[in-house]
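# Coordinate inspection notes
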Amino acid sequence: MIETEGLTKRYGSRTAVDGLSFRVEPGTIFGFLGPNGAGKSTTVKVLTGLLRPTMGRATVAGFDVIGNPLEVKSRLGYVPESGAMYESLSAAEYLELVACLHHLDAKAAATRMDELLELFGILDVKHQRMTEFSKGMKQKVLISAALIHKPEVLFLDEPLSGLDANAAMIFKELLKKLAEQGKTILFCSHILEVVERICTRILIIDEGKRIMEGTAGEICRATGRETLEQAFGMLTGSRDAGQVTADFLAALEKV
Amino acid sequence: MLRAVILLLRVDYDQWRALTRTALKLDLRTAQMGQAFSQQPGRSQGAYRQWISRLLIYIIMGGVLGPLVWAAEDVFLSGTVILTYTMVMTAMLVLIDFGAVVVSPEDFAILGYQPVTSRTYFITRLTNVLIYTSVITLALGLVPVILFFFARGFRPLLGLAAFCALMLSGAGVALFLVLIYAGILRLVRPGRLKRVLSYVQFLLSFFIYGGYIFLPQLLDMRAMARTSVDKSFWLLLHPATWFASYLDLAYRRRGLAEIVPALISLAALAWLVYQARGRLALDYSERLSAASAVSEDRPKTPAAGARAAILFKGREARAVALLVRNQFKYDTKFRMAVLSIIPLTILYLFMGLRDRSMVDPFVSGGGGFSLLYLAVLMFPTMLKASLTYSDSYPASWIYYTTPADRGRLVLWSKNFVFVYFVLPYLTMIGAVFLYYFRNPWHVLVHMGILALISHFFLQFAVFFNPALPFSIPARKAQRSSSYILTIFLGPFAAIGVLYVFSRWVYRNTFLLFAVLAGMVVTSWLCERALRARVRRRTLSLEYQE
């Protein structure tokens, strides 16, 4: 379970997350949406212990992220948006490191590593250094690293970034199965069709503040729009896409 | 045993072992990154070879002090000189390769959400720093230490004391620099952190280069062979003397003057470890990470692009001008690499004044070469390296996906460096020369010759490595290697060329003009050859991911 109460994060005078409160129950795939700079990644970084909140409280898997950071970290899996990893290592070496940090038995870790890499079709290159990997292959390793220790809570920040269609399909199926097993999954993505299809609940934030929460259907009904994409556009005050495009093309013609 | 020690420190042994192994692998592999792209097969062998050759260079560098162990009567004196040398060199290497060795900002992004305590991270980093510095220190001090074992008959205790002094002094230097560097993190806000760190590194380099340059001047072997030193209070303020006291203790001098400095060395190390404890923790990595995420506070200069275009109006020329100018403004590493010439210049200038070698080459008749010429002549080569190797290399895809002429980009980057960096630098040196030579005509001709030679250096550098600007990954230790090679090999090139001019060319006006004309023609021919080569080579260049 994930729970936040009045969560606030400020960078100097700029408020990235502004008194955000929400709750994600186990067995839920929770879509966490917002336009660029809305505070999604900052919230996730606070929940994973990468940043300290300026104010407010947050618990993950029943532990306070400030009071019990190690308990929290040993129970979470995280796919960062930045894709940060030690690329000079091979996939096997990187996963072995993550397994060691989570005190997994070496034999069990090796088996699980092979299973995950096989699932994503990169088992045959596991001893190759990741500097030679494509973006999608690195993303597959990051996802495998997030899952290798069977975490209770998953934070996925743009996890589909760079994945090929087959891997994306497998990953979405995997998420559904993990949710069925009772895992708590927080899913950040800009691909609203995917969010609409796989997330059981959705929270939309803008400028660090909560805008609306509900199922995709509830959000569409509340906004009087047919799709989540349209509802999202309305809630986050985006301009009419057709008009923006026309203005842009006109500006290009003038140059 | 090791597990027990690590557990005693309340550190997770399994995590420590995994993280230390990873850090060492990363150090080894990132040092080899540049070669990895060009030599895919047998890559790890190449990495080991590179490390071994680097260590051999360090052994040779330290070996030059070997005779001192034989010659000096006083083991305390020879120990102090040798330890000062190894401490200065270790500091230089740690300083230049600092960022990658001590606290990697990327560590926090990768390890921050893993269940690793700050204490475990600290001990891992400390292990990494100490392994790295120990290997360098040992290589530098290997020859003198071995000689301490045998120089006065077989004296294992003296050799062992020399070994301990060497290793502990190296560790002390590394920890001291860690403290200075990381202490800044506590005081400076993220928006200014990168800038302040680079200026601190810049200031420290004055001391490091100074130490390196002045130390050999203190070494008069014949005098030292007969000399022993009085352990005055002032002498004992020099940390190398604390560690050198181990040698005295092993050589059966066990008075208060030997025991107290040795105890001070141990206390200082304990204090450094204690102080470093908080500074290498994961939250410090967090601060460095935050610094890299926060944009730097700096005033806006809206006319930068317009100014860059005054001399560089062609398409590629303008692109290069904008790129290099902005990299200089925003890329701290590049800016510092360019500015690092200033401490060298000032130190060489100071030495020139001290040994009275700042004399007009038209009247010196081949003598009186200031080391300042070394800085002048090496500057273009150093600039070329800084302009090629960069952390911004992934952005070089733009050269390959636009219709820009890559050959022209390479050539204009050379021209930009010459016009905007080398010429202003030569003008500054010219003003210094004018003050000392008192003859504007001599200064003008001399600076013209130096400008042409600098341009030759730049042409050669581009000829042998016609790389697009900021397009090749920066390798760890690559900078230190190039600095060391510059410091070691530079004097031969500089003194050789200038001796010829001062001894023969400047003394004969006709010959002077003939040589000057010859140099201009040669430069023009070189430029043509360079263009042809660059055009050919850039056709086969590929983007380095």
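To start, this report covers the structure provided alongside it.

What counts as what
All residue numbers here refer to positions counted from 1 along the written sequence of the relevant chain. Lettering for chains starts from A, numbering for ligands starts from 1, and both go in the order in which the items are written. For a predicted model such as this one, the threshold for reporting local features is a pLDDT of at least 70, and the threshold for listing and counting side-chain atom pairs is 80 or more; totals across whole chains, interfaces and linings nevertheless cover every residue. By convention in this description, side-chain values take in all heavy atoms of the structure and omit both hydrogens and water. Put simply, DSSP marks the helices as runs of H or I at least four residues long and the strands as runs of E at least two long, and each gets a number from the N terminus on. Note on classification: 1.4 Å probe, protein chains only; a residue is buried when its accessible area is under 20% of the maximum for its type, exposed when over 50%, partly exposed between these limits. To be clear on the numbers: accessible area is Shrake-Rupley with a 1.4 Å probe, and residue cover counts the displayed protein chains and nothing else. Both definitions apply: the radius of gyration is a C-alpha atom measure, and the globule rule equals 2.2 Å times residues to the power 0.38. Under the convention used here, Asp and Glu are negative, Lys and Arg are positive, and both His and the chain ends fall outside the count. Think of each charge as sitting on NZ of Lys, CZ of Arg, CG of Asp or CD of Glu. Two aromatic rings from Phe, Tyr or Trp, using only the six-membered ring of Trp, form a pair when their centres are within 6.5 Å; if the ring planes differ by under 30 degrees the pair is stacked, by over 60 it is edge-to-face, and anything between is tilted. Each axis is a line fitted through C-alpha atoms, and for a helix only the stretch in contact is used; angles between axes span 0 to 180 degrees, taken between their N-to-C directions. Small angles under 35 degrees read as roughly parallel and large ones over 145 as roughly antiparallel, with 65 to 115 read as roughly perpendicular and the rest as oblique. By definition, turning the near helix anticlockwise from the far helix through less than a right angle yields a left-handed crossing, and turning it clockwise yields a right-handed one. Amino acids are sorted into nonpolar (Ala, Val, Leu, Ile, Met, Phe, Trp, Tyr, Cys and Pro), charged (Asp, Glu, Lys and Arg) and polar (every other residue, Gly among them). A pair is scored as a salt bridge if a Lys or Arg side-chain nitrogen falls within 4 Å of a carboxyl oxygen belonging to Asp or Glu. Any two strands are treated as partners once DSSP identifies two or more bridges connecting them. Residues count as neighbours in contact if any of their non-hydrogen atoms are within 4.5 Å of one another. Nonpolar cores are built from buried Ala, Val, Leu, Ile, Met, Phe, Trp, Tyr and Cys residues. Side-chain atoms within 4.5 Å join them into one set. Here the term patch refers to residues with relative accessible area over 30% and no salt bridge, with like charges joined within 9 Å and nonpolar side chains (Val, Leu, Ile, Met, Phe, Trp, Tyr) within 5 Å.

Helix and strand content of chain B: 26 helices and two strands. Here chain B holds 545 residues, and 53% of them are scored as buried. Working note: accessible area of chain B is about 24,900 Å², and carbon and sulfur atoms make up 68% of it.

With that settled, the discussion passes to the overall build of chain A. Secondary structure summary: chain A contains ten helices and ten strands in total. Radius of gyration (C-alpha) of chain A: 19 Å, near the 18 Å computed for a compact globule of 255 residues. Across its three principal directions, the C-alpha atoms of chain A cover 60 × 45 × 40 Å. Out of the 255 residues in chain A, the part that is buried amounts to 51%. For chain A, the exposed area adds up to about 11,600 Å²; of that, 51% sits on carbon and sulfur atoms. Averaging the locations of the 30 positively and 33 negatively charged side chains of chain A gives two centres separated by 3 Å.

Residues and elements named next belong to chain B. One pass over the full model with this rule turns up 20 aromatic pairs over all chains. An angle of 35° between the planes, with centres 5.8 Å apart, marks the rings of Tyr13 and Trp16 as tilted. One end of the pair, Tyr13, and the other, Trp16, are both in helix α2 (residues 13-31), three residues apart, so they sit about a helical turn from each other. According to the relative accessible area criterion, Tyr13 is buried, its value standing at 12%. Plain terms: the ring middles of Tyr435 and Tyr436 are 5.1 Å apart, the flat faces sit at 90° to each other, and that makes the pair edge-to-face. Looking at Tyr435, the relative accessible area reads 52%, which means it is exposed. Overall, Tyr436 belongs to the partly exposed group, its relative accessible area being 31%.

Turning next to unusual backbone geometry. Residue and element names in this part refer to chain A. Notably, Glu158 is not glycine yet its phi reads approximately 50°, a positive angle. In this fold, Glu158 is placed in the loop between β7 (153-157) and α6 (165-180). The class for Glu158 is buried, based on a relative accessible area of 13%. Unlike most non-glycine residues, Glu207 shows phi in positive territory, near 50°. Here Glu207 shows up in the loop between β9 (201-206) and β10 (209-214). For Glu207, a relative accessible area of 62% gives the class exposed.

So, on to the packing of helix α24 (residues 440-464) of chain B against helix α26 (residues 509-539) of chain B. Residues and elements named next belong to chain B. Between α24 and α26, the shortest axis-to-axis distance is 10 Å and the interhelical angle comes to 20°. Judged by the angle between their axes, α24 and α26 are roughly parallel. Seen from above, α24 lies across α26 with left-handed handedness. Residue composition of the contact of α24 with α26, grouped by class: 18 nonpolar, four polar and two charged.

This paragraph deals with the pattern of salt bridges. Residue and element names in this part refer to chain B. According to the stated counting rule, one finds 19 salt bridges over all chains in the structure shown. Ionic pairing is found between Glu316 and Arg408, a salt bridge with its closest N-O pair at 3.3 Å. Linking Glu316 in helix α17 (residues 315-330) with Arg408 in helix α23 (residues 406-437), this pair joins segments that are 92 residues apart in sequence. The class for Arg408 is partly exposed, based on a relative accessible area of 32%.

The next point concerns the sheet that holds strand β4 (residues 55-60) of chain A. The strands making up a sheet associate through backbone hydrogen bonding, with each pair oriented either parallel or antiparallel. Residues and elements named next belong to chain A. Sheet architecture is open: four strands sit in the order β2-β1-β4-β5, paired in antiparallel fashion. The open sheet has two free edges, formed respectively by β2 (14-24) and β5 (63-64), since each of these has just one partner strand. The sheet contact formed by β4 and β5 spans two bridges and is antiparallel. Each residue of the ladder has a partner; that of Thr59, found in β5, is Asp64. Those strands touched by helix α1 (residues 40-47) are β1 (2-11), β2 and β4, and its axis lies near 115° from that of β1.

Turning to the nonpolar core, a few remarks are in order. Membership of the largest hydrophobic core comes to 94 residues, with the highest contact counts inside it found for Phe22(A), Phe32(A), Tyr94(A), Phe155(A), Phe171(A), Leu186(A) and Phe187(A). Top contributing element to this core by residue count: helix α3 (residues 91-101) of chain A, with eight residues. With residues up to four places along the chain from it excluded, the contact list for Phe171(A) reads Phe120(A), Ile143(A), Leu156(A), Pro159(A), Leu160(A), Leu163(A) and Phe187(A). Residues Phe362(B), Leu377(B), Phe433(B) and Phe501(B) belong to the second largest nonpolar core, which totals 60 residues.

Taken together, the side chains of Leu138(B), Leu157(B), Leu160(B) and Phe163(B) define a hydrophobic patch exposed on the protein surface, amounting to about 330 Å² of accessible area. By secondary structure assignment, the location of Leu157(B) is in helix α10 (residues 156-187).

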